[in-house]
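# Reading the structure
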Amino acid sequence: MKIDDLDIKIMKELKKNARLSIRQLSQKVNLSPPSVAERVRRLEDEEVIERYTIDVNRTKLGYSIDCIIEVTVKNGKHEAFKTFIEQHPNALFCYRITGKSCFMVMLTVKKLEQIEDFINDVTSYTTTFTNIIFSSVKLQNESLFT
């Protein structure tokens, strides 16, 4: 699939506001509504646009502490860890990685004790190294289409 400058403009506008109507989007990218609708449909069909979502301000909900935890699984207990992390409500993401650790987990919590609880829960089958996040320098996809 070939992506051109108009497709990128459409995706930029949808990234800013996924609730735009086709008419509003067409005005922003200077293209007719039927043409915009066809391009959006093609981007969806080709799974370039996978979903429409919202950004939630976690701090306003009381989740003011974020941390990155490097996890090394002991004794081949990968499946137990994966099951645990898939069900953990405070885990924002978990990546399988290379290097000295097996996984990288991001937690968001209201209290530091919740990080301690997480570590206590996984200690029987992992070792962890925790980094508390002070601030964000760059957020996901912030400049992907800028």
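Located above this text is the structure these notes cover.
Residues numbered from 1 in each chain as written. Predicted model: local features only at pLDDT ≥ 70, side-chain atom pairs only at ≥ 80, totals over all residues. Heavy atoms only, no water.

## Some words on helix H3 (residues 33-45)
Given a rise of 1.5 Å per residue, 13 residues ought to cover 18 Å, and the 18 Å separating the end C-alpha atoms of H3 matches this to within 8%. Positioned one or two residues after H3, Glu47 has a phi angle of 60°, which is positive. (Helix = DSSP H or I, 4+ residues; strand = E, 2+ residues; numbered from the N terminus. Expected span 1.5 Å × (residues − 1).)

## As for a negative patch on the surface
On the surface, Glu44, Asp45, Glu46, Glu47 and Glu50 cluster together into a negatively charged patch. By the element assignment, Glu46 lies in the loop between H3 and strand E1 (65-73). (Patch = residues over 30% accessible without salt bridge, like charges linked within 9 Å, V, L, I, M, F, W, Y side chains within 5 Å. Areas by Shrake-Rupley, 256 points an atom, 1.4 Å probe, with all protein chains shown as cover. Salt bridge = Lys/Arg side-chain N within 4 Å of Asp/Glu carboxyl O. Lys, Arg positive; Asp, Glu negative; His and termini not counted. Charge placed at Lys NZ, Arg CZ, Asp CG, Glu CD.)

## Considering the environment of Ile49
Looking at where Ile49 falls in the secondary structure, it is placed in the loop between H3 and E1. Overall, Ile49 belongs to the buried group, its relative accessible area being 12%. When the C-alpha positions of Ile49 and Glu116 are compared, they lie 37 Å apart, and in sequence the two are 67 residues distant. When neighbours within four sequence positions are excluded, Ile49 is seen to be in contact with Met11, Leu14, Leu43 and Glu44. (Buried < 20%, exposed > 50% of the residue type's maximum accessible area, 1.4 Å probe, protein only. Contact = heavy atoms within 4.5 Å.)

## Let's talk about the pattern of salt bridges
Enumeration over the complete set of coordinates arrives at eight salt bridges. Across the pair Asp7 and Arg42 runs a salt bridge, and its minimum N-O distance is 2.9 Å. Here Asp7 is found in helix H1 (residues 5-16), whereas its partner Arg42 is found in helix H3, with 35 residues between them in sequence. Using a relative accessible area of 0% as the deciding quantity, one classes Asp7 as buried. Arg42 gets classed as partly exposed once you look at its relative accessible area, which sits at 24%. Here Glu13 makes a salt bridge to Lys16, at a shortest N to O gap of 3.4 Å. Residue Glu13 and its partner Lys16 are both found in helix H1; the two are separated by three residues, about one turn of the helix. Put simply, Asp4, Asp7, Arg39 and Arg42 are held in one network by salt bridges that share partners.

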